[in-house]
Amino acid sequence: SRMNRSERLYLAGSTLTGAILAPILLMVGLKWTAGSDASLLLNLEGVMTAVIAVAFFHDRGGRRLWLALAAMTVATTVLSYAPGGGFGGNGAVLIVLSMLCWGIDNNFMQRISHLDPVKLSTIRSGIAATFSLTLALILYGGHDLTAAIAYAMIIGAVSYGLSNVLFFVGLKHLGSSRTGTVFSVGPYAAAMAAIPILGEPVTVQLVIAGLLMAAGTILLTRERADRN
């Protein structure tokens, strides 16, 4: 069916925040952040989604939501701290901002999740790809981009294309709360994978932040269960 005006606005806002701004912020932030740290920071997407839903979309939020926010805020502070370098110097701030953008995106997409997920994903991805590729050509030229574009298309077809379609189908059949609960497992798997794949050490900061993030995830999961 044709989208009405409000649905087009939600799609436009979702595309801007979730398909354009958030990936750029994340990719730039990753340049200065360890893969395991960045993976744990991805947990903030669920909290951002829930807080925005409560604050702006009249969703219900209980005590567990705010405890989860507190736990993950402390965890983010731990991950962001660099001895002798203060806070935020490793790109954590940019990753947190990208999670905020995806939190807005998730709430916008939930409002139009009744529409065809393949068409939604195609529109979002087409606009975002055109913008990002144009920006890359302007900033870096076309000489050394052929191999990078080929690799990016392969990765993007799975991590953004197929992932978006499956996520939208999940929103439609499971609802935002249950979909978010299942989705929250991803950052821990990514953090564990970064240790052998990237050769990153297991630090005290990583362990403490991981435990705090896990506590926040459990609280958020129970919050969603109560609302359902």
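Keep in mind it's a predicted model, so treat the numbers as computed, not measured.

## A closer look at the overall build of the protein
The helix and strand inventory of the protein stands at 9 helices and 2 strands. Seen in sequence order, the protein has helices and strands lined up from the N terminus as α-α-α-α-β-β-α-α-α-α-α. Burial status across the protein gives 39% buried among its 228 residues. When contacts within the protein are restricted to residue pairs at least 6 apart in sequence, those whose partners lie at least 24 apart make up 84%.

## Focus on the pattern of salt bridges
This model, assessed by the stated rule, comprises 1 salt bridge. Asp105 is the salt-bridge partner of Arg124, the closest N and O atoms lying 2.9 Å from each other. Residue Arg124 is found in helix α6 (residues 117-140), and its partner Asp105 is found in helix α5 (residues 92-111); the two are separated by 19 residues along the sequence. On the basis of relative accessibility, which here comes to 3%, the residue Arg124 falls in the buried class.

## Let's talk about the nonpolar core
Ranked by size, the top nonpolar core spans 26 residues in total, and within it Leu40, Leu41, Leu44, Leu65, Met213 and Leu220 carry the most contacts. Residue assignment for this core shows that the elements contributing at least two residues are α1 (5-30), α2 (35-41), α3 (44-56), α4 (63-80), α5 and α9 (204-227). With 6 residues, the single largest contributor to this core is α3. Among residues more than four places away in sequence, those in contact with Leu44 are Met72, Thr76, Val96, Met99 and Met213.

## As for the packing of α1 against α6
Packing of α1 against α6 leaves a shortest axis separation of 10 Å and a crossing angle of 45°. With respect to α6, the axis of α1 lies oblique. Regarding α1 and α6, the two cross each other, and that crossing is right-handed. Between α1, through Leu11, Ser14, Thr15, Gly18, Ala19, Ile20 and Ile24, and α6, the contact on the second element is made entirely by Leu120, Ile123, Arg124, Ile127, Ala128, Phe131 and Leu135.

## Structural notes on the side chain of Ser14
The residue Ser14 is located in helix α1 in this model. Dropping the residues within four chain positions of it, Ser14 is found in contact with Ala19, Asp105, Phe108, Met109 and Arg124.

## Describing the side chain of Ser121
Within the fold, Ser121 resides in helix α6. Here Ser121 is in contact with Gly161, Asn164, Val165 and Phe168, once residues within four sequence places are set aside.

## Brief notes about a nonpolar patch on the surface
A cluster of nonpolar residues, Ile24, Val28, Trp32, Phe131, Leu135, Ile138, Leu139 and Tyr140, forms a patch on the protein surface that exposes about 810 Å² of accessible area. Looking at the nonpolar patch, the elements that each hand over two or more residues are α1 and α6. The greatest single-element share of the nonpolar patch, amounting to 5 residues, is contributed by α6. By secondary structure assignment, the location of Leu135 is in helix α6. A relative accessible area of 31% means that Leu135 is categorised as partly exposed.

## A look at the confidence of the model for the protein
Averaged over all residues, the pLDDT of the protein is 82; the fraction at 70 or higher stands at 90%. Across the protein, α1 holds the top mean pLDDT of 93, while strand β2 (residues 86-87) sits lowest at 46. Low confidence marks residues 84-88, where pLDDT is under 50. Its contacts with residues over four positions away, or in another chain, come to 7 contacts.

## So, helix α8 (residues 186-198)
If you check α8, its first and last C-alpha atoms are 17 Å apart, about what 13 residues at 1.5 Å a residue would give, namely 18 Å. Along α8, the residues classified as buried are Pro187, Ala191 and Ala194. The arc that holds the buried residues of α8, viewed along the axis, is 55°, so those residues lie on one side. Residues of α8 that are exposed and point more than 90 degrees away from the buried face comprise Met192, Pro196 and Ile197. Backbone geometry just after α8 places Gly199 at a positive phi near 70°.

## What to know about the environment of Gly175
Along the chain, Gly175 turns up in helix α7 (residues 146-183). Along the backbone, Gly175 and Gln110 are 65 residues apart, and their C-alpha atoms lie at a distance of 8.2 Å.

Procedures and definitions
Residues numbered from 1 in each chain as written. Predicted model: local features only at pLDDT ≥ 70, side-chain atom pairs only at ≥ 80, totals over all residues. Heavy atoms only, no water. Helix = DSSP H or I, 4+ residues; strand = E, 2+ residues; numbered from the N terminus. Buried < 20%, exposed > 50% of the residue type's maximum accessible area, 1.4 Å probe, protein only. Contact = heavy atoms within 4.5 Å. Salt bridge = Lys/Arg side-chain N within 4 Å of Asp/Glu carboxyl O. Core = buried A, V, L, I, M, F, W, Y, C linked by side-chain atoms within 4.5 Å. Axes fitted to C-alpha atoms, helices over the stretch in contact; angles between N-to-C directions. Parallel < 35°, antiparallel > 145°, perpendicular 65-115°, else oblique. Left-handed = near helix turned anticlockwise from the far one by under 90°. Patch = residues over 30% accessible without salt bridge, like charges linked within 9 Å, V, L, I, M, F, W, Y side chains within 5 Å. Areas by Shrake-Rupley, 256 points an atom, 1.4 Å probe, with all protein chains shown as cover. pLDDT = per-residue confidence, 0-100. Expected span 1.5 Å × (residues − 1). Arc of directions from axis to C-beta.

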